[in-house]
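Structural features, examined
These are the residues of each chain, in order.
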Amino acid sequence: MKQRTYFCIDMKSFFASVECAERGLNPFETNLIVADESRGNGTICLAITPKMKSLGVRNRCRRYEIPKNISYITAMPRMQKYIDYAAEIYGIYLQYIDKQDIHVYSIDESFIDATDYLSMYHKTPKEFAKMLIDEIANKLHIPATAGIGTNLYLAKIALDITAKKVPDHMGYLTEELFRETLWHHKPLTDFWGISTGTIRRLERRGITDMAGIAQFPSELLYKDFGINAELLIDHAWGRESCLMSDIKNYK
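Just so you know, these numbers come straight off a predicted model, no measurement behind them.

1. Here's the deal with the sheet that holds strand β5 (residues 102-106)
Hydrogen bonds between backbone atoms are what pair the strands of a sheet, whose relative direction is either parallel or antiparallel. Ordered in space as β5-β6-β1-β7-β8, the five strands form an open sheet in which the pairing is mixed. A strand with exactly one partner marks an edge of an open sheet, and here the two such strands are β5 and β8 (170-173). Pairs of neighbouring strands in the sheet enclose a mean axial angle of 15 degrees, with direction left out of account. As defined by bridge partners, β5 adjoins strand β6 (residues 109-113) across four bridges and the pair is classed as antiparallel.

2. So, the side chain of D36
If you trace the backbone, D36 turns up in the loop between β2 (32-34) and β3 (47-48). With a relative accessible area of 14%, D36 lands in the buried category. A polar contact is formed between the side chain of D36 and the side chain of S38, at a distance of 2.5 Å. The contact partners of D36, leaving out residues within four places of it in the chain, are T43, M76 and P77.

3. Focus: the sheet that holds strand β4 (residues 73-75)
With mixed pairing, the three strands of this open sheet are ordered in space as β3-β2-β4. This sheet does not close on itself; its edge strands, each paired only once, are β3 and β4. Sheet topology places β2 next to β4; three bridges connect them, and they run parallel. Bridged to V34 within β4 is A75. Running over the sheet, helix α1 (residues 14-23) touches β2, β3 and β4 and is turned about 120 degrees from β2.

4. A look at the layout of surface pockets
Of the voids in this model, the largest pocket is the one considered here, and its volume is about 580 Å³. Lining the largest pocket are 22 residues, with D10, M11, K12, S13 and K53 sitting closest to its centre. For the lining of the largest pocket, the elements supplying multiple residues, two or more each, are β1 (6-11), α1, β3, α2 (50-54) and α6 (152-160). Taken together, the residues of the lining of the largest pocket break down into eleven nonpolar, four polar and seven charged. Space inside the second largest pocket adds up to approximately 400 Å³. In terms of lining, the second largest pocket is formed by 17 residues, of which the most central are W192, L231, H235, E240 and C242. The leading source of residues in the lining of the second largest pocket is helix α11 (residues 228-236), at five residues. When its residues are assigned to classes, the lining of the second largest pocket shows nine nonpolar, four polar and four charged.

5. A look at the environment of N228
Mapped onto the elements, N228 comes out in helix α11. Classification of N228 as partly exposed rests on a relative accessible area of 47%. Spatially, the C-alpha atoms of N228 and I70 are 45 Å apart, while their sequence positions differ by 158 residues.

Criteria and thresholds
- Residues numbered from 1 in each chain as written.
- Predicted model: local features only at pLDDT ≥ 70, side-chain atom pairs only at ≥ 80, totals over all residues.
- Heavy atoms only, no water.
- Pairing = 2+ DSSP bridges.
- Helix = DSSP H or I, 4+ residues; strand = E, 2+ residues; numbered from the N terminus.
- Axes fitted to C-alpha atoms, helices over the stretch in contact; angles between N-to-C directions.
- Buried < 20%, exposed > 50% of the residue type's maximum accessible area, 1.4 Å probe, protein only.
- Polar contact = N/O pair within 3.5 Å; in protein donor to acceptor, adjacent residues only side chain to side chain.
- Contact = heavy atoms within 4.5 Å.
- 1 Å grid on protein atoms, 1.4 Å probe; cavity = no way out; pocket = protein on both sides within 12 Å on 5 of 7 lines; lining within 4 Å.
- Points joined across faces, edges and corners; volume = space filled by probe spheres on them.
- Nonpolar A, V, L, I, M, F, W, Y, C, P; charged D, E, K, R; others polar.

Take a look at the structure:
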């Protein structure tokens, strides 16, 4: 079967970045939070800029948790504005990619099957992903990161874990690289689909990482997790059978 190339592209601090773009500000240089001040000091910040994260402020914090010595702009949440920006980002994708090869995963994150476009645009996977990210930055002033993988799951993990460790913020994973670099990664909650409840059940079996899941007797995992054990086992090996066409054909 032809090896496929998937992207998972995510807008950095999307709501806060939109508010910075609207004000002509750089989210990497601006202290800004998105929160409803009328709800008091305990209101949750829906987003904070990368600059505030670099100062140690926790994402999704409450206003009173922000250190008093940090001055910042407070932007009122504007959900329709964020939806409009998301639609424009989708429009940028459509300039280069057919809608059948795009899956909008959330307001700020999308999967793209780039397999058939690499030869069309004469680009490597990273070059093509960077072209899309640069288009979004140039036209909308919204920064983005990308995960690149040989299946949908690996693209997501490359975004969530690997991209944070590389200078260009574009992670890349194959099944082999996944096992070489992330088999012993902790915590397991960094991996898509693994909750704290799942971790507690795995720990009762002495399993603390993906290698432990892959090497554990599968019949015992099926006993503990039922049909969901299939996902755990496949993902522990970096495997994912779902294709973009499966998503599009799902009813």
